[in-house]
Every structure is written in structure tokens, then in C-alpha cells.
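Here is how the chains run, residue by residue.
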Amino acid sequence: MGLHVPLQQEKTVHKASYLAAAAAALFISLGASPVLAQSHDWTGWQATLGASSVESNLEGEGFYNPYDLAPSGTVVSVGLNHRWNAGHIALGVYTNAQFGSVEASGSGISCEISDCGFEEIEYRTERTNYTVNAGLSAGHEIGPVLVSVLGGVTVGDYMRSVRYDVNGTVDYWYEGKGFRAGYHYGIAVEYAFTDRWSARLELRQTELIEDVSESPFYTDESGFSQTSATLEAGWKF
């Protein structure tokens with residue numbers, strides 16, 4: 001017999017794991033002794049490439065989410081940063097994008113035989129294909145380690161698909177597409193292996209609101225809350 005974990009509890013476990021990872025990263029970085037390595041020069045341009053594990057949930061006043069869908073997925077992350085040193089403080093600007101499917105699907109009986117004279121099944125899918133971010137960062141170096149806080153704006157797409165089947169035949173199909181816009185904030189820990197190469201762990205929270213809704217049934221203002229953990233390599237040039 002499998003163990004069933006309620007969705008809300010599962011979301012709490014995911015968020016707790018991200019917080020634990022952040023606490024561990026901070027503890028390790030803040031405990032690093034500056035005598036282990038000389039201070040690293042963080043100034044200049046940097047390109048990054050990595051992967052992000054994404055967990056999200058949909059919410060909002062008037063938003064219809066009958067199966068409590070929580071889109072998730074692993075996506076590719078690419079970025080470009082520029083930083084300036086001010087003593088042991090590194091200030092920066094950045095832009096990055098995440099590409100890949102963050103998706104969830106669900107289904108259920110939308111009309112009973114006793115009510116409609118037939119059984120109708122609804123299939124619903126929520127998916128995001130990309131998000132683009134831009135923002136500012138401020139970090140403190142501890143030897144070869146840089147601990148930063150960051151924040152900025154985010155824009156991403158979404159696709160919502162709804163299909164109703166009666167006796168195996170598609171009775172109705174709807175697909176809506178649009179964009180969400182909002183903000184993000186997070187923390188990052190980066191370790192410099194050489195003058196040019198580094199590894200980086202970033203934990204980010206993103207809050208988005210749909211600016212377009214094409215549903216023929218209702219008008220909604222859907223919030224999209226996304227938590228992501230990103231591991232990437234950085235190359236300074």
C-alpha cells in the first residue's frame with residue numbers, strides 16, 4: 001500500500017526542504033574562513049548555465065482550479081550578470097531565463113448520469129514554458145564564497161487546456177494562452193573555483209499575476225506562486 005501525502009502537506013515539505021538547503025548553504029558559507037583563500041575578484045561579466053527544480057501553485061480570487069493543480073518540473077536556466085566590487089561587497093545586475101515545461105494535469109467527473117443523463121469527464125492541464133527575469137543583487141564575499149540577496153521583475157507565459165469527454169468522444173475543447181508578470185526575490189551562494197569558473201546555488205520565490213484571461217466561462221485574476229532551486233556553473237569573461 002502506497003503512502004498518500006496530502007497536496008498541501010507536500011507543498012509544505014518542498015518549501016521546508018528549500019529553506020533547509022538555504023540555511024545549510026548560509027551556515028557553510030558564513031563559517032568559511034577567509035584565510036582558506038584570497039578574496040576573489042567578482043567584478044565583470046559572467047554567463048551562467050544550469051538546471052532548476054520548480055514547484056508552484058495556482059491561486060487567486062475567482063480562479064477555478066478544481067483539481068488543486070500544482071505545476072512542477074525541471075527546466076534549463078541561462079543567464080548573464082555584471083558585478084562591481086565595493087570592498088567586500090559585490091553589487092550586480094542580472095538577467096536570466098528558464099526554459100522547459102512546468103506542468104500539471106488533472107481529471108474528474110464534471111457531470112453525473114443522474115444529473116445530465118450521461119457521464120461527462122473533464123481533463124485540465126496547466127503549463128508554463130518559460131520565464132524571463134531581471135533584477136539587482138548585493139553580496140558579501142567570504143574568501144572564495146559570495147553570499148547574495150537578489151530581487152527583481154519576472155514575466156512568463158502560460159497555457160491552460162480544458163477538455164470535456166462524453167462516452168469517449170470530445171464534447172468540448174478549450175485552450176487559453178497568455179502571460180503573467182510579477183516579481184521575484186531570493187538568495188544565492190556562489191563558490192569560485194578559479195578566476196573564471198564558479199558554482200552557484202540559488203533559491204528563489206516568484207509571485208506572478210495573469211494579465212490576460214481568455215476563458216469563455218469566467219474572468220479570473222490568477223496568481224502563480226513559484227519556488228525554484230537552481231544549480232548552475234558561472235564563467236566570467
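Look up: the structure comes first, before these words.
**Student:** Where do I start with unusual backbone geometry in this structure?
**Tutor:** Backbone phi values are negative for most residues with the exception of glycine, while trans is the configuration of most peptide bonds. Backbone geometry at aspartate 68 places phi at a positive 50°, although glycine is not the residue there. With respect to the helices and strands, the residue aspartate 68 is situated in the loop between strand S1 (44-59) and strand S2 (72-86). Judged by its relative accessible area of 35%, aspartate 68 is partly exposed.

**Student:** Can you help me understand the packing of aromatic side chains in this one?
**Tutor:** For any two aromatic rings, the description comes down to two numbers: the centre-to-centre distance and the angle of the planes. Taken as a whole and judged by the stated rule, the model has five aromatic pairs. Residues tyrosine 164 and tyrosine 172 carry aromatic rings whose centres are separated by 6.3 Å and whose planes lie at 40° to one another, so their mutual orientation is tilted. Its relative accessible area of 15% is what places tyrosine 164 among the buried residues. We classify tyrosine 172 as partly exposed; its relative accessible area is 31%. A centroid spacing of 6.5 Å and a plane angle of 20° characterise the contact between tyrosine 183 and tyrosine 185, whose relative ring orientation is stacked. Take tyrosine 185: its relative accessible area is 43%, and that puts it in the partly exposed class.

**Student:** What am I meant to see in the state of the cysteines here?
**Tutor:** Defined simply, a disulfide is a covalent bond joining two cysteines at their sulfur atoms. Across all of its chains, the model carries one disulfide by this definition. Linked covalently through their sulfurs, cysteine 111 and cysteine 116 form a disulfide whose S-S length is 1.3 Å. Classification of cysteine 111 by relative accessible area gives buried; the value is 13%.

**Student:** I tried to follow a nonpolar patch on the surface on my own but got confused; where do I start?
**Tutor:** A surface patch of nonpolar side chains, amounting to about 770 Å² of accessible area, comprises Trp45, Leu80, Tyr191, Phe193, Trp197, Trp235 and Phe237. With respect to the element layout, tyrosine 191 can be found in strand S6 (residues 169-192). The class of tyrosine 191 is partly exposed, set by a relative accessible area of 38%.

**Student:** What exactly am I supposed to notice about the sheet that holds strand S8 (residues 223-236) here?
**Tutor:** Note: strands within a sheet are paired through backbone hydrogen bonds, in either parallel or antiparallel orientation. Spatially, S1-S2-S3-S4-S5-S6-S7-S8 is the arrangement adopted by the eight strands of the closed barrel, whose pairing is antiparallel. Put simply, the sheet's adjacent strands are angled 20° from each other on average, direction ignored. Direction of pairing for S2 relative to strand S3 (residues 89-111): antiparallel, over a ladder of twelve bridges. Residue pairing in the sheet places asparagine 85 in a bridge with alanine 90 of S3.

**Student:** What am I meant to see in the side chain of threonine 154 here?
**Tutor:** By secondary structure assignment, the location of threonine 154 is in strand S5 (residues 145-166). Engagement of the side chain of threonine 154 in a polar contact is seen with the side chain of asparagine 133, the distance being 2.7 Å. If we skip the residues at most four places from it in the chain, threonine 154 touches Thr131, Val132, Asn133, Arg180, Ala181, Gly182, Tyr183, His184, Thr206 and Leu208.

Rules of the game
- Residues numbered from 1 in each chain as written.
- Predicted model: local features only at pLDDT ≥ 70, side-chain atom pairs only at ≥ 80, totals over all residues.
- Heavy atoms only, no water.
- Helix = DSSP H or I, 4+ residues; strand = E, 2+ residues; numbered from the N terminus.
- Buried < 20%, exposed > 50% of the residue type's maximum accessible area, 1.4 Å probe, protein only.
- Phe/Tyr/Trp six-rings, centres within 6.5 Å; stacked < 30°, edge-to-face > 60°.
- Disulfide = S-S within 2.5 Å.
- Patch = residues over 30% accessible without salt bridge, like charges linked within 9 Å, V, L, I, M, F, W, Y side chains within 5 Å.
- Areas by Shrake-Rupley, 256 points an atom, 1.4 Å probe, with all protein chains shown as cover.
- Salt bridge = Lys/Arg side-chain N within 4 Å of Asp/Glu carboxyl O.
- Pairing = 2+ DSSP bridges.
- Axes fitted to C-alpha atoms, helices over the stretch in contact; angles between N-to-C directions.
- Polar contact = N/O pair within 3.5 Å; in protein donor to acceptor, adjacent residues only side chain to side chain.
- Contact = heavy atoms within 4.5 Å.

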